[in-house]
Amino acid sequence: MQPQIYAHRGASGQYAEHTRAAYLQALQDGANGVECDVHLSSDLQPVLLHDSVLDRTSNGTGPVSGYTLEQLRGLDFSTWKGVDIPADRGGAAEQFLTLDELLDLLLGAGRDVGLAVEFKQPGPFGLKLEDTVLSLLAARGWDAGTSRLANIHVSFMSFSPESVAHLRRSVEARFVCQLVSDVDAAAIAEASAVLPEGSDARTVLESGLAEAKALLASGTAGIAGPGVEFLHANSGLVSEWVKAGRTVRAWTVDEPADAEFAYALGVREFTTNYPARMRGILAGLNQTAAPKP
């Protein structure tokens, strides 16, 4: 299998994540696919944001779920990056994207392109998030059997085993990615911000990781999505997934040493903030690994 490059929230090393500029740049950079995180606005519109709150990546504050789509469109989601946006990447007011708008960008790519949709759980709407996205895709002509919408081949991802199990009711295992990462201080802090008050974040995360590993072992999820740190700490497990026929899509691979380590383990899908740079890195690795005549 030739290495596949997924642009992490678009070419987010260059432009603000999840923006029109970042995704257009990713396509220009030759990324095989793009990745996005999805939340629901208060009026149940799938919007592209990583965090459950607006503070880090906009001039708004508070939970995404507290804003309507119209209100979100009135916020600035690009200035924080501190880079100028070329005219052909859209104006500042055009940078915020819904999932529907990202589909339009990808449909206009003129070539096959992957779309990896991550569901951010736990969230205020529960599994309505997944159902809303699947309904949107179906309304646009997405075929569940092939997981294609015209030139777009769609896969679905979540750290939540509940989300993955729910997706499997209507999506084949080969299109569903169980994300995994070790339980560290950063993960505990992030989970604590969204879990119900009084929850033990560490216990919840450790239980979820055990369930995630079980779903991958059983083949319920056909794609494994380990983070770079997880790869290094659990190389034996990753090798087992490769031998068992799981596709391994690693994140977020930006450094040559990490790409080389992952490639040697059998990873062939790479999520990166720098798709153009990763193309060069992987081309070199693929050439080195090719059999000599």
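Note that the structure is a prediction, hence the values are computed from the model and not measured.

K.L.:
How should I be thinking about helix α1 (residues 20–28) in this particular structure?
P.N.:
Each full turn of the α-helix corresponds to 3.6 residues, which orients residues three or four apart in the same direction. Within α1, seven of the nine residues are buried, leaving the element largely enclosed by the surrounding structure. Among all positions of α1, only R20, A21, A22, Y23, Q25, A26 and L27 are buried. If you follow the buried residues of α1, they end up packed against β1 (4–8), β2 (33–40), β3 (46–48), α3 (99–107), β4 (113–119) and α11 (275–289). Directly beyond the C-terminal end of α1, a positive phi value near 85° is found at G30.

K.L.:
Mind showing me how you'd approach the side chain of T271 here?
P.N.:
Mapped onto the secondary structure, T271 falls in strand β10 (residues 269–272). A relative accessible area of 5% means that T271 is categorised as buried. Setting aside residues no more than four positions away along its own chain, T271 makes contact with Y6, H8, E35, R249, A250, W251, T252 and V253.

K.L.:
Sorry, what's going on with the side chain of T19 here?
P.N.:
As for its placement among the helices and strands, T19 is situated in the loop between β1 and α1. Its relative accessible area of 2% is what places T19 among the buried residues. Once residues within four sequence positions are removed from consideration, T19 is found in contact with F77, S78, Q95 and L97.

K.L.:
Is there a simple way to think about the packing of aromatic side chains in this case?
P.N.:
The way to describe two aromatic rings as a pair is by their centre distance and the angle between their planes. Counted by the stated rule, this structure contains five aromatic pairs. Judged by centre distance (6.2 Å) and plane angle (15°), the ring pair of F119 and F156 falls under stacked. With F119 in strand β4 and F156 in strand β6 (residues 152–158), this pair connects stretches of sequence that are 37 residues apart. By relative accessible area, which is 0% here, F119 ends up buried. With centroids separated by 5.7 Å and ring planes inclined at 90°, the aromatic side chains of F159 and W251 adopt a geometry described as edge-to-face. Taken together, the residues span a long stretch of sequence, with F159 in the loop between β6 and α5 (161–167) and W251 in the loop between β9 (247–250) and α10 (256–265) at a distance of 92 residues.

K.L.:
Explanation requested: the nonpolar core in the structure shown.
P.N.:
As a rule of thumb, soluble globular proteins bury nonpolar side chains together. In terms of nonpolar packing, the biggest core is built from 62 residues, with C36, L115, V117 and F156 touching the most fellow members. Beyond its immediate sequence surroundings of up to four residues, F156 is in contact with V117, F119, L134, L137, W142, S147, L167, V171, F175, V176 and C177.

K.L.:
What am I meant to see in the packing of α10 against α11 here?
P.N.:
The packing of two helices is summarised by the inter-axis angle and the distance between the axes. The interhelical angle for the contact between α10 and α11, taken along N-to-C directions, is 40°, at an axis separation of 10 Å. Judged on the interaxial angle alone, α11 and α10 are oblique. α10 and α11 meet at a crossing whose hand is right-handed. For the pair α10 and α11, contact is made by P256, A259, E260 and Y263 and by M278, I281, L285, N286 and A289, respectively.

K.L.:
Which parts of the structure should I look at to understand the pairing of strand β8 (residues 223–226)?
P.N.:
Along any regular strand, the residues point their side chains to alternate faces of the sheet. Going residue by residue along β8, you find I223 and G225 tucked away on one face and A224 and P226 tucked away on the opposite face as well. Summarising the sheet, strand β7 (residues 176–180) and β8 pair through four bridges and their orientation is parallel. Bridging from a neighbouring strand, C177 pairs with I223 of β8. Looking at chain direction, β8 and β9 are connected through two bridges and run parallel. Bridge assignment links A224 to a residue of β9, and that residue is V248.

K.L.:
What is the right way to read the pattern of salt bridges from this model?
P.N.:
Oppositely charged side chains can form a pair if their charged atoms are brought close together. Tallied over the entire structure, the rule returns 14 salt bridges. The closest approach of N and O atoms between D37 and R9, which form a salt bridge, is 3.5 Å. Residue D37 is found in strand β2, and its partner R9 is found in the loop between β1 and α1; the two are separated by 28 residues along the sequence. Relative accessible area serves as the criterion here: at 0%, D37 is assigned to the buried category.

K.L.:
Explanation requested: helix α4 (residues 128–140) in the structure shown.
P.N.:
Here α4 spans 18 Å end to end across 13 residues, near enough to the 18 Å set by a 1.5 Å rise per residue. Burial in α4 covers these residues: L129, E130, T132, V133, L134, L136 and L137. Against the buried residues of α4 lie β2, β3, α3, β4, β6 and α5. G141 lies just past α4 and shows a positive phi near 110°.

K.L.:
Explain unusual backbone geometry to me, please; I cannot follow it from the model alone.
P.N.:
Among all residues save glycine, negative phi is the norm, and among peptide bonds the norm is trans. Here the residue pair Q121 and P122 is connected by a cis peptide bond, since its omega of 0° sits within 30 degrees of zero. Looking at where P122 falls in the secondary structure, it is placed in the loop between β4 and α4. Note that the residue after W251, namely T252, is joined by a cis bond; omega there is -25°. Examined against the element boundaries, T252 turns out to sit in the loop between β9 and α10. One non-glycine residue, R9, lies in positive phi territory at about 60°.

The rules behind these values
Residues numbered from 1 in each chain as written. Predicted model: local features only at pLDDT ≥ 70, side-chain atom pairs only at ≥ 80, totals over all residues. Heavy atoms only, no water. Buried < 20%, exposed > 50% of the residue type's maximum accessible area, 1.4 Å probe, protein only. Helix = DSSP H or I, 4+ residues; strand = E, 2+ residues; numbered from the N terminus. Contact = heavy atoms within 4.5 Å. Phe/Tyr/Trp six-rings, centres within 6.5 Å; stacked < 30°, edge-to-face > 60°. Core = buried A, V, L, I, M, F, W, Y, C linked by side-chain atoms within 4.5 Å. Axes fitted to C-alpha atoms, helices over the stretch in contact; angles between N-to-C directions. Parallel < 35°, antiparallel > 145°, perpendicular 65-115°, else oblique. Left-handed = near helix turned anticlockwise from the far one by under 90°. Pairing = 2+ DSSP bridges. Salt bridge = Lys/Arg side-chain N within 4 Å of Asp/Glu carboxyl O. Expected span 1.5 Å × (residues − 1).

These results come straight from atomic positions and should not be treated as a statement about function.
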